[in-house]
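Here is how the chains run, residue by residue.
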Amino acid sequence: MQPTLAHVDTALPPDDDPRRIELRSWFEANPTPSGRQLARRGLVAPHWPAPWGLGADPTHQLLVDEELRRAGVRRPDNTIGIGWAGPTILHAGSDEQKERYLLPLLAGDEIWCQLFSEPGAGSDLASLTTRAELDGDEWVVQGQKVWTSYAHRAEFGILLARTDPDAPKHQGISYFICPMDLPGITVRPLVDMTGTHTFNEVFLDEVRLPRSNLVGDPGQGWSLAKVTLANERVSLSGAGALWGMGPTADDLVAAVRAVGGTADPLMRQRLAALWAEGEILRLLRLRTVSAAVAGVPPGPEASVRKALADEHGQHIMAVARDLAGAAGMLSDGGPTPGVPQDATWPDAMWTYGFLFAPALTIGGGTSEVQRNIVAERTLGLPHDPQV
Ligand SMILES: Cc1cc2nc3c(=O)[nH]c(=O)nc-3n(C[C@H](O)[C@H](O)[C@H](O)COP(=O)(O)OP(=O)(O)OC[C@H]3O[C@@H](n4cnc5c(N)ncnc54)[C@H](O)[C@@H]3O)c2cc1C
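Along each chain, residue indices are assigned from 1 in the same order as the chain's sequence is written. Local features in this predicted model are restricted to residues whose pLDDT is 70 or higher, and side-chain atom pairs enter the listing and the counts only when it is 80 or higher, whereas totals over whole chains, interfaces and linings include all residues. The basis for every side-chain value is the complete set of heavy atoms in the structure, and neither hydrogens nor water enter the calculation.

1. Considerations on the overall build of the protein chain
Secondary structure assignment for the protein chain yields 11 helices and eight strands. We compute the radius of gyration from the C-alpha atoms alone; for a globule the expected value is 2.2 Å times N to the 0.38, where N is the number of residues. Expected size for 387 residues packed as a compact globule is a radius of gyration near 21 Å; at 22 Å, the protein chain falls within 12% of this value. For the protein chain, the spread of C-alpha atoms along the principal axes amounts to about 70 × 50 × 45 Å. Relative accessibility thresholds used throughout: buried, under 20% of the residue-type maximum; exposed, over 50%; partly exposed, between the two (1.4 Å probe, protein chains only). Taken over 387 residues, the protein chain has a buried fraction of 45%. We call two residues in contact when some of their heavy atoms are within 4.5 Å. Across the protein chain, every contact between residues at least 6 apart in sequence was considered, and the portion connecting residues at least 24 apart equals 68%. Here the open area of atoms and residues is found with the Shrake-Rupley method and a 1.4 Å probe, where only the protein chains shown may cover a residue. Taken as a whole, the protein chain presents about 19,500 Å² of accessible surface, with 56% of it coming from carbon and sulfur. Once the 33 positive and 47 negative side-chain charges of the protein chain are each reduced to a mean point, those two points are 3 Å apart. Runs of H or I in DSSP of at least four residues are treated as helices and runs of E of at least two as strands, each being numbered from the N terminus. The convention is simple: Lys and Arg are positive, Asp and Glu are negative, and His and the chain ends are not counted. Each charge is placed at NZ for Lys, CZ for Arg, CG for Asp and CD for Glu.

2. Topic: the site of the ligand
Neighbouring residues are identified by heavy atoms, a residue being near a molecule or strand if any of them is within 4 Å of it. With respect to spatial proximity, 18 residues lie near the ligand, and among them Ser123, Trp147, Thr366, Glu368 and Asp384 are the closest. Distance and chemistry together define a polar contact, namely a pair of N or O atoms within 3.5 Å, with one atom able to donate a hydrogen and the other to accept it when in protein, and with adjacent residues in sequence counting only for side-chain atoms on both sides. A distance of 3.0 Å is found between a nitrogen atom of the ligand and a backbone nitrogen or oxygen belonging to tryptophan 147. Glutamate 368 is positioned with one of its side-chain polar atoms (N or O) 2.7 Å from an oxygen atom of the ligand. Burial of the ligand by the protein amounts to 67% of the accessible area it has alone, namely 980 Å². A breakdown of the residues in the shell around the ligand according to their chemical character gives seven nonpolar, nine polar and two charged. The nonpolar class holds Ala, Val, Leu, Ile, Met, Phe, Trp, Tyr, Cys and Pro. Asp, Glu, Lys and Arg form the charged class, and all remaining residues, Gly among them, are polar.

3. Re the nonpolar core
Nonpolar cores are built from buried Ala, Val, Leu, Ile, Met, Phe, Trp, Tyr and Cys residues. Side-chain atoms within 4.5 Å join them into one set. The biggest cluster of nonpolar side chains holds 41 residues, and the ones touching the most others in it are Phe27, Leu38, Trp48, Leu106, Trp112 and Leu160. Going through the elements one at a time, helix 1 (18-29), helix 2 (35-40), helix 3 (58-71), helix 4 (79-92), helix 5 (95-107), strand 4 (156-162), strand 5 (173-179) and helix 6 (221-230) are the ones with two or more residues in this core. Setting aside residues no more than four positions away along its own chain, phenylalanine 27 makes contact with Pro33, Leu38, Leu43, Glu67, Leu68, Ala71 and Val73.

4. Focus: unusual backbone geometry
Omega for the bond connecting alanine 50 with proline 51 falls within 30 degrees of zero, at 5 degrees, which places this linkage in the cis form. By the element assignment, proline 51 lies in the loop between helix 2 and helix 3. Of note in this structure, tryptophan 243 is not a glycine but carries a positive phi near 50 degrees. Considering the arrangement of structural elements, one finds tryptophan 243 in the loop between helix 6 and helix 7 (249-258).

5. Observations concerning the packing of helix 8 (residues 265-293) against helix 9 (residues 301-324)
Note on definitions: angles span 0 to 180 degrees between N-to-C directions of axes, and those axes are lines fitted to C-alpha atoms, for helices only across the stretch in contact. It is at 10 Å that the axes of helix 8 and helix 9 come closest, and there the two elements cross at 155 degrees. Considering their axes alone, helix 8 and helix 9 lie roughly antiparallel with respect to each other. Considering the relative orientation of helix 8 and helix 9, their crossing is left-handed. Contacts between helix 8 and helix 9 pair Met267, Arg270, Leu271, Leu274, Glu277, Gly278, Leu281, Leu284, Arg285 and Thr288 from the former with Glu301, Val304, Arg305, Leu308, Ala309, His312, His315, Ile316, Ala318, Val319, Asp322 and Leu323 from the latter. Each residue belonging to the contact of helix 8 with helix 9 can be placed in one class, and the counts come to 12 nonpolar, four polar and six charged. Here is the rule for angles: anything less than 35 degrees is roughly parallel, anything more than 145 is roughly antiparallel, 65 through 115 is roughly perpendicular, and the remaining ranges are oblique. If you view the pair so one helix is near and one far, a crossing is left-handed when the near helix is turned anticlockwise from the far one by less than a right angle, and right-handed when it is turned clockwise.

6. Quick word on the environment of proline 165
Here proline 165 shows up in the loop between strand 4 and strand 5. Separated by 128 residues in sequence, proline 165 and valine 293 place their C-alpha atoms 43 Å apart.

7. Remarks on helix 3
Here helix 3 contains 14 residues, and its C-alpha end-to-end distance of 20 Å stays within 8% of the 20 Å for a straight helix at 1.5 Å per residue. Across the 14 residues of helix 3, 10 count as buried, placing the element largely inside the fold. Those residues of helix 3 that sit buried are Pro58, Thr59, His60, Gln61, Leu62, Leu63, Val64, Asp65, Glu67 and Leu68. Looking at the buried positions of helix 3, the neighbouring elements they touch are helix 1, helix 2 and helix 8. With its phi angle positive at about 70 degrees, glycine 72 sits one or two positions after the end of helix 3. To estimate how far a helix should extend, the number of its residues minus one is multiplied by 1.5 Å.

8. A look at the pattern of salt bridges
Note on definitions: salt bridges are taken to be side-chain nitrogens of Lys or Arg within 4 Å of carboxyl oxygens of Asp or Glu. Inspection of the entire model under this criterion finds 21 salt bridges. Ionic pairing is found between glutamate 118 and lysine 145, a salt bridge with its closest N-O pair at 2.8 Å. On the criterion of sequence distance, the pair formed by glutamate 118 in the loop between strand 1 (112-115) and strand 2 (131-135) and lysine 145 in strand 3 (residues 138-145) is long-range, its members being 27 residues apart. With a relative accessible area of 5%, glutamate 118 lands in the buried category. One salt-bridge network, in which partners are shared between bridges, spans Asp15, Arg20, Arg24, Glu66 and Glu67.

9. A few points about the packing of aromatic side chains
Under the pairing criterion, centres of Phe, Tyr and Trp rings, with the six-membered ring standing for Trp, must be within 6.5 Å; the plane angle then separates stacked pairs below 30 degrees from edge-to-face pairs above 60, leaving the rest tilted. Per the counting criterion, the structure on display carries nine aromatic pairs. Considering the side-chain rings of tryptophan 26 and phenylalanine 27, the 5.4 Å spacing of their centres and the 70 degrees angle between planes classify their relative orientation as edge-to-face. An identical accessibility class is assigned to tryptophan 26 and phenylalanine 27; each is buried. Aromatic ring contacts, followed pair by pair, group Tyr101, Trp112 and Phe156 into a single cluster.

10. A closer look at the state of the cysteines
Cysteine sulfur pairs qualify as disulfides if the two atoms are within 2.5 Å. Summed over the entire model, instances satisfying the criterion amount to zero disulfides. Free of any disulfide, cysteine 113 has its nearest neighbouring cysteine sulfur in cysteine 178, separated by 7.7 Å. A residue is classified by how much of its surface remains accessible, and cysteine 113, at 0% relative accessible area, is buried.

11. Here's the deal with helix 9
The end-to-end C-alpha distance of helix 9 is 34 Å, a good match for the 34 Å that 24 residues give at a rise of 1.5 Å each. Remark: glycine 325 follows helix 9 within two positions and exhibits a positive phi of approximately 65 degrees.

Put into structure tokens, the structure is as follows:
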């Protein structure tokens, strides 16, 4: 039997919990709610305070997730807006900024991107050189960003730029809201090896931002970037190989089982190891959720989990590719060549996964950087030499 949340010190509220009853009747009245309806009801980010969320504690968040799943309703897709830009604006934005940006962002009506990384500033983000200078009532921005996911679709970006070049490098950075249609912004596509256009180069040439687009105070950008990057909602979902999405180790084992298993002893061993790795990660996720539900402040689990989960995703895709053999070179060559997959993960998804997997240990902070965090903050090892 697989362990569930109930096995790790906690159980979710029962069926007659008044919050469930109320939500179920709302879904009966609104069986296919729009993003805006979900946002107004506080269901997109239930842990945010009213009027945008429900001020939900971790148990309440998990309850809302369950009820959304039960109703077959998905939240709007605006990862950077909902996951990162929104929490930072909530934390440090002015009342006008909250009023203007939060609802459309939650509703998925306005898509956001993250203008942080630069050609010379990735892991060492604080080395960024994009400048913003105040000229009257406007900030004039000059510089280049790279790997900007969704810049070609986004209405707004969260932008880090250096406003005080004489200050120590972490202190001279400010945090801005950048409308992506301003004159001087050029977005150039970067097509990755999956053949997909997700990220871009963004050139900012004398872009004039209204003074009111600064978030927080000048020089506060680095601490706000940390708020942005640390934000993680309590969630039980996310076992998929591709940053929580896509097929899991279980799905791969099931696909092999569905074609009668494998007689290759080495492959059997690899599949068993993969399955065990997936279980360890699942227990780690349950432990994190159960700690959050019990009110224990977050520990180093997020960095441990990211480092392990990204590599686990690569392991899943490597085994799937080896199972596919020569068929893995085709755009629809899944792990069980010649045998149609069930509808859950079409073969094309596996092919995409093979090709996307190398990005897992780079995006959102590389595995080496996650290990540095664990080494320094958990194990108390000496810091990286400062450069
Ligand atoms: C799919 C994807 C989507 C992305 N989307 C965005 C986005 O929307 N917005 C955005 O701003 N950025 C985005 N990025 C960029 C991402 O944040 C950077 O790629 C990442 O931070 C690493 O920076 P870098 O590529 O410059 O590599 P570098 O920092 O140059 O690292 C190169 C190598 O050196 C290692 N290294 C660096 N420093 C250390 C150290 N101190 N100790 C040990 N090893 C070290 C790294 O681990 C890596 O192996 C995205 C990246 C990917 C892959």
